[in-house]
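A closer look at the structure
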Amino acid sequence: SQQGEEDPQALSIQEGENATMNCSYKTSINNLQWYRQNSGRGLVHLILIRSNEREKHSGRLRVTLDTSKKSSSLLITASRAADTASYFCGQETSGSRLTFGEGTQLTVNP
Amino acid sequence: NAGVMQNPRHLVRRRGQEARLRCSPMKGHSHVYWYRQLPEEGLKFMVYLQKENIIDESGMPKERFSAEFPKEGPSILRIQQVVRGDSAAYFCASSVVRANTGELFFGEGSRLTVL
């Protein structure tokens, strides 16, 4: 079974609004990574947050990690139509591989 | 520095044929991962390889599927006697270090259609 889950499954917002996606996981991790996938393309790495970090920023992206709740969130501020994509969180499993949930499909309407 | 290269991008096979998918990792990367993605679903881990070694194949089906990463040349994911359920996008990723310590770089995928 998958290590974690993203929610919501789908999110539709207007350009300029913020988008928040959540990720839960089941076992302890060394780090958690967020990726983006445009339709028909490969995944692109966005941010890696380590287990001893609580928050990380990269441009319009903000990632938080709460190890006590085994959850992470990805916030995209001032969204753009070009942010429309699927977003996945990846968690280490068994020390050798990254496993992904089903993803959140974000649609940003112009 | 070229990214992860996968070929073919699209492959059509009839039931019972063999499919070979190739992946050239980024230069300097010695860790390769294969994932499978069905439409509207997430990526399912299949296998993790280093040069000449299979490190973790816990996601590989027991039959018909095999993977290798030879000392020279690309990594190969081989599916024998394909069935319709094998139709999916197969993604390869590579990294400098193990996935739990660094980011993965993904190819654009190989889309297999089994008729």
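Structure's up top.
Residues numbered from 1 in each chain as written. Chains lettered and ligands numbered in written order. Predicted model: local features only at pLDDT ≥ 70, side-chain atom pairs only at ≥ 80, totals over all residues. Heavy atoms only, no water.

This next bit is on the side chain of Gln33 of chain A. Residue and element names in this part refer to chain A. In this structure, Gln33 sits in strand β4 (residues 31-37). Judged by relative accessible area, which is 0%, Gln33 ranks as buried. A distance of 2.6 Å separates polar atoms of two side chains, one belonging to Gln33 and the other to Tyr35. (Helix = DSSP H or I, 4+ residues; strand = E, 2+ residues; numbered from the N terminus. Buried < 20%, exposed > 50% of the residue type's maximum accessible area, 1.4 Å probe, protein only. Polar contact = N/O pair within 3.5 Å; in protein donor to acceptor, adjacent residues only side chain to side chain.)

Attention now goes to the interface of chain B and chain A. The interface of chain B with chain A comprises 24 residues on the first partner and 22 residues on the second. Counting the surface lost from both chain B and chain A, the interface buries some 1,800 Å², and carbon and sulfur atoms represent 46% of this. On inspection of chain B and its partner chain A, the count reaches two salt bridges. Put simply, Arg41 of chain A and Glu108 of chain B hold a salt bridge, and the shortest N to O gap is 2.7 Å. Applying the counting criterion to the chain B and chain A interface returns eight residue pairs in polar contact (both at pLDDT 80 or more). Broken down by secondary-structure element, the contributors of at least two residues to the side of chain B that touches chain A are β4 (31-37) and β5 (43-50) of chain B. Per-element accounting of the side of chain B that touches chain A gives the leading share, four residues, to β5 of chain B. (Contact = heavy atoms within 4.5 Å. Buried area = accessible area lost by both parts, 1.4 Å probe. Salt bridge = Lys/Arg side-chain N within 4 Å of Asp/Glu carboxyl O.)

What follows deals with unusual backbone geometry. All names here are of chain A. In the segment running from Asp7 into Pro8, the intervening peptide bond is cis, with an omega of 0 degrees. Mapped onto the elements of the fold, Pro8 is located in the loop between β1 (4-7) and β2 (10-14). Backbone geometry at Lys70 places phi at a positive 50 degrees, although glycine is not the residue there. In this structure, Lys70 sits in the loop between β7 (61-66) and β8 (71-76). We classify Lys70 as partly exposed; its relative accessible area is 30%.

Using the criterion set out here, one finds seven aromatic pairs over all chains in the structure. Centroid distance Tyr35 of chain A to Phe100 of chain A: 5.5 Å. Interplanar angle 80 degrees. Geometry classified as edge-to-face. Placement of the pair is Tyr35 of chain A in strand β4 and Phe100 of chain A in strand β10 (residues 97-100), with a sequence separation of 65 residues. Pairing Tyr35 of chain A with Phe106 of chain B gives two aromatic rings, centres 5.8 Å apart and planes at 80 degrees, and the pair type is edge-to-face. (Phe/Tyr/Trp six-rings, centres within 6.5 Å; stacked < 30°, edge-to-face > 60°.)

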